[in-house]
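A look at the structure
The lines below spell out each chain.
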Amino acid sequence: MKYREVADLITKVLEERRFRNPQYSMRALARDLGVSPSRVSNIMRGKVLPGKRVIQRIEVALKLNKNEAAYLAYLVQKSKHQKKDTRRAHQLQESEIFFIREWYHFAILNAMDTLHFDSDPDVVAERLNLSPELVKDSYAKLLQAGLIHETPQGLRPTYTNLTSTSDIPSEALKNMHHQLIDKARESLIRDPIDVRDITSIVIPSNPKNIYKVKMLAREFRRQANEILEQGEKTEVYSICLQIYPLTHSRNH
């Protein structure tokens, strides 16, 4: 799927509408959009992007709220930019994530983009509280996966933007998220409050609206990424948003 994120979002909203009206089909969506069923099928399969007029019709047909409409427009625009320079963007497959499923591989990748990065394993190990052997092993795996390469200036990332699948179960991603949550616990104890922010809320919730919050979280991550990359980059941060139920229905 060339445009997976756009297709996934439209599919998710369509499924939400089908939940309210099981009779609503892809053919009905095509009718409401004023396009052929094959055109809708290609959009849903991530083969093509919807144009501006179709996007507006999607907003009306699927009754997108303001946040959903803005996120759809953002994903379409993002996909257009990636199309112009696909060499610099890469979506990790499950096999790749499994191969580099430890948190420090991604920390090392991002450290390479910090100011005055020194690829000496001893230096990187000290910065990330790792052993030099782990750093050397990470270099070997990242080189083998094609995610870093040799340059006259030393090791550098192959891509400027790495993404993973979303809303698709992945044992490798679960493993990495588990490790990053543990790192957040360490930071809670170790780091002063002026360099971290770990907060939480507990609220009564409607589970049917969780997908809306997840979209807000994705948009927040995008904006946070843009802000944190401004100016001189000297450190590597992890942003972990934790949204999960504390209660479970008896019939689950």
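In case you missed it, the structure is sitting above this.
Here we summarise the structure given alongside this text. (Residues numbered from 1 in each chain as written. Predicted model: local features only at pLDDT ≥ 70, side-chain atom pairs only at ≥ 80, totals over all residues. Heavy atoms only, no water.)

The topology assignment puts N110 in helix α7 (residues 103–111). Measuring from C-alpha to C-alpha, the distance between N110 and Y237 comes to 8.9 Å, with 127 residues separating the pair along the chain. Polar contacts involving the side chain of N110 include one to the main-chain carbonyl oxygen of F106, which spans 2.7 Å. (Helix = DSSP H or I, 4+ residues; strand = E, 2+ residues; numbered from the N terminus. Polar contact = N/O pair within 3.5 Å; in protein donor to acceptor, adjacent residues only side chain to side chain.)

Moving on, we get to helix α9 (residues 132–144). Between its first and last C-alpha, α9 extends 18 Å over 13 residues, near the 18 Å set by a 1.5 Å rise per residue. Looking only at α9, the buried set comprises V135, S138, Y139 and L142. Along the long axis of α9, the arc covered by the buried residues comes to 105°, so they all point the same way. What points out from α9, more than 90 degrees from its buried face, is the exposed set E133 and Q144. Elements that come into contact with the buried residues of α9 comprise α7, α8 (121–128), β2 (148–151) and β3 (154–157). Of the residues one or two after α9, G146 is the one with positive phi, at around 75°. (Expected span 1.5 Å × (residues − 1). Buried < 20%, exposed > 50% of the residue type's maximum accessible area, 1.4 Å probe, protein only. Arc of directions from axis to C-beta. Contact = heavy atoms within 4.5 Å.)

At K63, a residue that is not glycine, the phi angle is positive and equals roughly 55°. The class of K63 is exposed, set by a relative accessible area of 64%.

The analysis is restricted to geometry; functional conclusions fall outside its scope.
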